[in-house]
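# Residue-level structure breakdown
Each chain, written out:
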2 protein chains.
Amino acid sequence: MLTLSSKDNINIKNTVKLLNNAKFRRKTGLFVAEGLRVCYDAFLSGADIDTVFATQGALDKHPEKIGELCEKSDRAFIVTNEIFSHISDTQTPQGVLCVIKTLDKVTEFDKIKNGGKFIALENIQDPNNLGTVLRTAEAFGVSAVVVTSDCCDIYNPKVVRGSMGAVFRLPFYTVSGIAQFLSENPDLTSYAAVVDKDAEPITNISFAKSSVAVIGNEGNGLTESAVNACNHKITIPMGGKAESLNASAAASIIIWEMVK
Amino acid sequence: MLTLSSKDNINIKNTVKLLNNAKFRRKTGLFVAEGLRVCYDAFLSGADIDTVFATQGALDKHPEKIGELCEKSDRAFIVTNEIFSHISDTQTPQGVLCVIKTLDKVTEFDKIKNGGKFIALENIQDPNNLGTVLRTAEAFGVSAVVVTSDCCDIYNPKVVRGSMGAVFRLPFYTVSGIAQFLSENPDLTSYAAVVDKDAEPITNISFAKSSVAVIGNEGNGLTESAVNACNHKITIPMGGKAESLNASAAASIIIWEMVK
């Protein structure tokens, strides 16, 4: 394998750009997964690996798994520790990173016609929240996650890492807006999650067979247009002093109540 | 108010050190809160404000609230935008930051004797997770949060921000370890959250009047010693493919089931 030791190498430059630039990810159809576990998850999920970067230390430690990644990839490079730190998004790099081709999961959304439980996210901005929602949704067997196009990019490295590989396995679907999505899927019963004492407490809800819970932005919640487009307004009753929950905490409780 | 425009000013240097260095926070008994909402939350909660830093822009926008903060503080400075970026931990600084005296909440833990629902966290490392757990615990009226001393520092700026002010209001208690804490509080019924199909499903549990749910490290879960010290092993049944939940997602569901 070729050893790269220059930050000016085009493969290194492009990887850094993929880490930091959502437009470049969309343009190239590539994204970055870092860490042996996440990369190997991608491999097991049948993801199409473009490039593998590994340090000699990582290769010595995990020769078999990294070998499998390299075999499956279009190209593979050994990089110095210094270069690896340069392309890494983590504080304690493990020395394995893959550039992976994005998946077009749009077609999988026809599952909706056969019934299922869905989560739709409107304008979620924090990659940690998005990653956590994907991971939780997969853990509880949610059918797919719908994200509006103004959400944080699903291929942001923090989302990929936080989702613990769910991004490779869980179908997701990008839509321009909640209202349009719901109007195109009239068989779904929709539940808008709001902070409103007059909304139906989630404890009273039996979620319909084909249903979607809709969760809004961290600071502002759902837009009025999204709330109005939904069949029901639901709320998580809170006994304490705080006025709202973190979006991923709210999503975790809603997914749990929806699916349990 | 004095305007500071040098990074070498001792107040600026110490603030940067407080942001980045947990030992320095412990040594000085000071920590940093950033953003008008978090700072004003601290003020409303009766926190003891050491220093206020504000940009002229922020002062022009929110003269009354920043004025109240300044009145309550030992000292206050106007800083240039450049200096503010230097002491800020956020990507889009709002121009208000306070240095606040840490609270000694240990004494409040005698509440435990009167019954209550508690969350105990062992070796939680991610400040986003810790902040979310504090915020969720406050929202649902948890009596106090117990953290082992190897958890991420509760005064880490990301925890302070993520907790949305819960860190100023919710009693918390730092302990050396779970086993010792439980042995010192024998009236508490303790529930270890584990990923184990043989543990009791959380859906079957009626949490005792005085009880504590114990949640472990992001990667490794609870230590064996913590699990063995607990009265019960509980688990969140999952129907999907993922093998575990993010620690804050698990905590959100456990708090919800414990308190609802």
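Summary of the structure given here. (Residues numbered from 1 in each chain as written. Chains lettered and ligands numbered in written order. Predicted model: local features only at pLDDT ≥ 70, side-chain atom pairs only at ≥ 80, totals over all residues. Heavy atoms only, no water.)

## Regarding the interface of chain B and chain A
Heads up, the rule is: In what follows, residue pairs with any heavy atoms lying within 4.5 Å of each other are defined as contacts. Here the quantity called buried area is the total loss of accessible area, with a 1.4 Å probe, experienced by two parts when brought into contact, counted for both. In the sections that follow, a salt bridge refers to a side-chain nitrogen of Lys or Arg positioned within 4 Å of a carboxyl oxygen of Asp or Glu. A 3.5 Å cut-off defines polar contacts: any pair of N or O atoms within that distance qualifies, except that in protein one atom must be a possible hydrogen donor and the other a possible acceptor, and neighbouring residues in sequence count only when both atoms are side-chain atoms. Strands are runs of DSSP state E lasting at least two residues, helices are runs of H or I lasting at least four, and both sets are numbered from the N terminus onward. Residue polarity follows a fixed list, in which Ala, Val, Leu, Ile, Met, Phe, Trp, Tyr, Cys and Pro are nonpolar, Asp, Glu, Lys and Arg are charged, and the others, Gly among them, are polar.
Listed per partner, the contact involves 29 residues of chain B and 29 residues of chain A. For the pair chain B and chain A, the two sides together bury roughly 2400 Å², of which 58% comes from carbon and sulfur. Summed over the three residues of chain B that lose the most area to chain A, namely R135(B), A139(B) and W256(B), the buried surface amounts to 24% of that side. Across the contact surface, chain B and chain A share 2 salt bridges. In this structure, the salt-bridge partner of K260(B) is E257(A), at a minimum N-O distance of 3.0 Å. Counting the contacts that link chain B with chain A gives 8 residue pairs in polar contact (both at pLDDT 80 or more). Sorting the residues of the side of chain B that touches chain A by element identifies α7 (127–139) and α12 (247–259) of chain B as the ones contributing at least two each. Here the side of chain B that touches chain A takes 6 residues from α7(B), the largest share from any one element. Residues belonging to the side of chain B that touches chain A are distributed by class as follows: 11 nonpolar, 10 polar and 8 charged.

## With respect to the pattern of salt bridges
Residues and elements named next belong to chain B. Spelled out, the test is: Burial status follows relative accessibility: with a 1.4 Å probe on protein chains alone, a residue under 20% of its type maximum counts as buried, one over 50% as exposed, and anything between as partly exposed.
For the structure on display, the rule yields 20 salt bridges over all chains. Between D153 and R25 there is a salt bridge; the shortest N-O distance is 2.6 Å. One end of the pair, D153, is in the loop between β7 (144–148) and α8 (157–162); the other, R25, is in helix α2 (residues 22–28), with 128 residues separating them in the sequence. There is no split in this pair, since D153 and R25 are both buried. The residue E138 makes a salt bridge to R169 at a minimum N-O spacing of 2.6 Å. You can see E138 sitting in helix α7 and its partner R169 sitting in helix α9 (residues 166–169), a full 31 residues away along the chain. R169 sits in the partly exposed class, given a relative accessible area of 25%.

## Concerning the packing of helix α12 (residues 247–259) of chain A against α12(B)
Just so we agree on the cut-off: Axis angles are defined between N-to-C directions and span 0 to 180 degrees, where every axis is a line fitted to C-alpha atoms and, for a helix, only to the segment in contact. Crossing handedness: left-handed means the near helix sits turned counterclockwise from the far one by under a right angle, and right-handed means the same turn made clockwise.
Remark: α12(A) packs on α12(B), axes separated minimally by 8 Å, with the N-to-C direction vectors making an angle of 65°. In this structure, α12(A) crosses over α12(B), and the sense of that crossing is right-handed. Residues A249(A), S252(A), I253(A), W256(A) and E257(A) of α12(A) pack against A249(B), S252(B), I253(B), W256(B) and E257(B) of α12(B). For the contact of α12(A) with α12(B), the residue count by class is 6 nonpolar, 2 polar and 2 charged.

## Focus on the sheet that holds strand β12 (residues 232–235) of chain B
Backbone hydrogen bonds are what pair the strands of a sheet, in a parallel or an antiparallel way. Residues and elements named next belong to chain B. Rules: For two strands to be treated as a pair, DSSP must find at least two bridges joining them.
The parallel open sheet is built from 7 strands, whose spatial order is β8-β7-β6-β11-β9-β12-β10. In the strand order of this sheet, the two ends are held by β8 (172–175) and β10 (200–201), each with one partner. Here 2 bridges tie β10 to β12, and the two strands are oriented parallel to one another. Note on β12: the bridge partner recorded for E200 is I234. α12 contacts β6 (116–121), β9 (189–193) and β11 (210–215) of the sheet and is inclined by roughly 165° relative to β11.

Geometric descriptors of this kind do not, in isolation, establish any biological role.
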